[in-house]
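Spelled out from the first residue to the last, the chains are:
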Amino acid sequence: DLMVDEQSNLPKELSEKYMITKKIGVGVCGEVKLAFERATCKKVALKTINKKDFPASVGTATRSAEREIQILQKIDHPCLIKTKDFFQTDDSYYIVLELMEGGELYDRVKSKQQIKEPIAKLYFYQMLKAVEYLHNNGIIHRDLKPENVLLSSHDDVCIIKITDFNQSKILEESALMRTLCGTPTYLAPEVFTDAVTVGYSRAVDAWSLGVVLFVCLAGYPPFYPNARIGLSVSDQITQGIYTFIPSKWDGISDDAKDVVKKLLRVDPNARLTIEEALQHPWLMDEAMKETAEGIMYPKDPGDADATADPGDADATADPGDATADPGD
Ligand SMILES: COc1ccc(CNC(=O)c2ccc3nccnc3c2)cc1
């Protein structure tokens, strides 16, 4: 199939269109390299996913990579990473992405220790809008963490974009949904009681955003080894046991703490949904929203995402356009 460049085993088409330089990131499924589009000299990120890297589960690696690629090509939101190009060979996928000059939120938190509350709020609002878009389109990310949140620049005020959809799940119409549409004459009671809790798997993203917000504000995670003697990290999580260390949290508002508490609720049914988090008093901050909307949907396409073309700005689906809410 695709001709392969003799020097590197890259597809010829890829090396003709892009000049690939240094490695800038390493993920579970492969690596990210800095590349230049020869025609425009613009910088891009080239993500390589090796199909054969997981001999044992080669099936799942390929399926998750194909799912990631399918999702990456379908989604369109200013705070979700966009695919610019795609190539594949027998053993690898090559995804060309817009380059996020600011790198990972993980490294930003590490270098700043704690992120200033107004900036953490600006980033968190963008994460909520991105995940609201995913959920409205029947997609659950399932792997939200500071390593998967990228920053567009080194400035505090910048766009964030969520990446790495290889753990994500597409919600399809379920057999249970079809069952509940029929007449229940012969239907067992447990099918109804089970149905009450089904449909909450998207709540995992709300929990993860609660952990990400905690880390941004406090500079340490809510759950970690030896946080509580005798409690494993999974025990801390399943019991919802964490500490607001005073020296780290004293300067942080009660509203911010309240959002964290309501996202880190063990019972998914009681946990804030993304929608409810967007209505929380901490996010009722017109100045922050104005800044966020301004960088997410720039009036003059020249600033912010230089890569976005004017059409992108208002092309984003408004949550109301969401597809019918699929079960999960
Ligand atoms: C000019 O050389 C560089 C410019 C920026 C950086 C920081 N950026 C990155 O480290 C980085 C990592 C993963 C990514 N995944 C998708 C899109 N963009 C990404 C950017 C690193 C090097």
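Our subject is the structure listed above.
Please read these numbers as outputs of a predicted model, since none were measured by experiment.

Participant: For this particular structure, what's the right way to read the pairing of strand E5 (residues 92-98)?
Facilitator: Within a regular strand, side chains alternate between the sheet's two faces. Buried residues dominate E5, accounting for seven of its seven residues. Pairing between strand E3 (residues 43-50) and E5: seven bridges, direction antiparallel. Of the residues in E5, the one forming a bridge with Lys47 is Ile95. Note: strand E4 (residues 83-88) against E5, five bridges, orientation antiparallel. Looking at the pairing, Asp85 lines up with Val96 of E5. What sits between E4 and E5 in their antiparallel hairpin is a turn of three residues.

Participant: Please clarify how the pairing of E3 should be interpreted in this entry.
Facilitator: With six of its eight residues buried, E3 lies for the most part within the structure. Note that strand E2 (residues 30-37) and E3 share seven bridges and pair antiparallel. Bridge assignment links Gly30 to a residue of E3, and that residue is Ile49. Taking the residues that link successive antiparallel strands as the turn, the E2-E3 hairpin has five residues, and the phi of Cys41 there is positive, at about 65 degrees.

Participant: Would you mind going over the site of the ligand with me for this structure?
Facilitator: If you check the shell around the ligand, you find 13 residues, and the closest are Ile24, Leu34, Glu98, Met100 and Leu150. Measuring from an oxygen atom of the ligand, one finds a backbone N or O atom of Ile24 at 3.5 Å. Burial of the ligand by the surrounding chains reaches 81%, relative to a free accessible area of 500 Å². When contributions to the shell around the ligand are tallied by element, the ones reaching two or more residues are strand E1 (18-27), E2 and E5. In terms of residue class, the shell around the ligand is built from nine nonpolar, one polar and three charged.

Participant: Is there a simple way to think about the packing of aromatic side chains in this case?
Facilitator: Here the distance between the centres and the angle between the planes together describe a pair of aromatic rings. Counting across every chain of the model gives 12 aromatic pairs. Aromatic pair Trp207 and Phe223: ring centres 5.5 Å apart, planes at 10 degrees, arrangement stacked. With Trp207 in helix H7 (residues 203-218) and Phe223 in the loop between H7 and helix H8 (233-238), this residue pair connects regions lying 16 residues apart in the sequence. By relative accessible area, Trp207 is classed as buried at 13%. Consider the rings of Phe244 and Trp249, whose centres lie 4.5 Å apart with planes at 65 degrees: the pair is edge-to-face. An aromatic cluster is defined as three or more aromatic residues linked by ring pairs; in this entry it consists of Trp207, Phe214, Tyr220, Phe223, Tyr224, Tyr242, Phe244 and Trp249. Lying over the aromatic face of Tyr93, Lys51 brings its terminal NZ or CZ to 4.7 Å of the ring centre.

Participant: Looking at this structure, I do not really get the sheet that holds E3. What am I missing?
Facilitator: Backbone-to-backbone hydrogen bonds pair the strands of a sheet. The strands run either parallel or antiparallel. Spatially, the five strands line up as an open sheet ordered E1-E2-E3-E5-E4, and their pairing is antiparallel. Edge positions in the open sheet fall to E1 and E4, since each of these has one partner strand only. Each neighbouring strand pair of the sheet contributes to a mean axis angle of 25 degrees, computed without reference to strand direction.

Participant: How do you make sense of the nonpolar core when you look at a structure like this?
Facilitator: Within the largest apolar cluster, 73 residues are counted, with the highest numbers of intra-cluster contacts made by Leu105, Tyr123, Phe124, Ile162, Phe165 and Leu217. If one sorts the elements of this core by residue count, helix H4 (residues 117-136) sits on top with 12 residues. With near-sequence residues (within four places) excluded, Phe165 lies in contact with Glu68, Ile71, Leu72, Ile75, Leu80, Ile81, Leu134 and His141. Leu14, Val44, Tyr94 and Val96 belong to the second-largest nonpolar core, a separate cluster that totals nine residues.

Cut-offs applied
Residues numbered from 1 in each chain as written. Predicted model: local features only at pLDDT ≥ 70, side-chain atom pairs only at ≥ 80, totals over all residues. Heavy atoms only, no water. Buried < 20%, exposed > 50% of the residue type's maximum accessible area, 1.4 Å probe, protein only. Helix = DSSP H or I, 4+ residues; strand = E, 2+ residues; numbered from the N terminus. Pairing = 2+ DSSP bridges. Near = heavy atom within 4 Å. Polar contact = N/O pair within 3.5 Å; in protein donor to acceptor, adjacent residues only side chain to side chain. Areas by Shrake-Rupley, 256 points an atom, 1.4 Å probe, with all protein chains shown as cover. Nonpolar A, V, L, I, M, F, W, Y, C, P; charged D, E, K, R; others polar. Phe/Tyr/Trp six-rings, centres within 6.5 Å; stacked < 30°, edge-to-face > 60°. Lys NZ or Arg CZ within 6 Å of the ring centre and 35° of its normal. Axes fitted to C-alpha atoms, helices over the stretch in contact; angles between N-to-C directions. Core = buried A, V, L, I, M, F, W, Y, C linked by side-chain atoms within 4.5 Å. Contact = heavy atoms within 4.5 Å.

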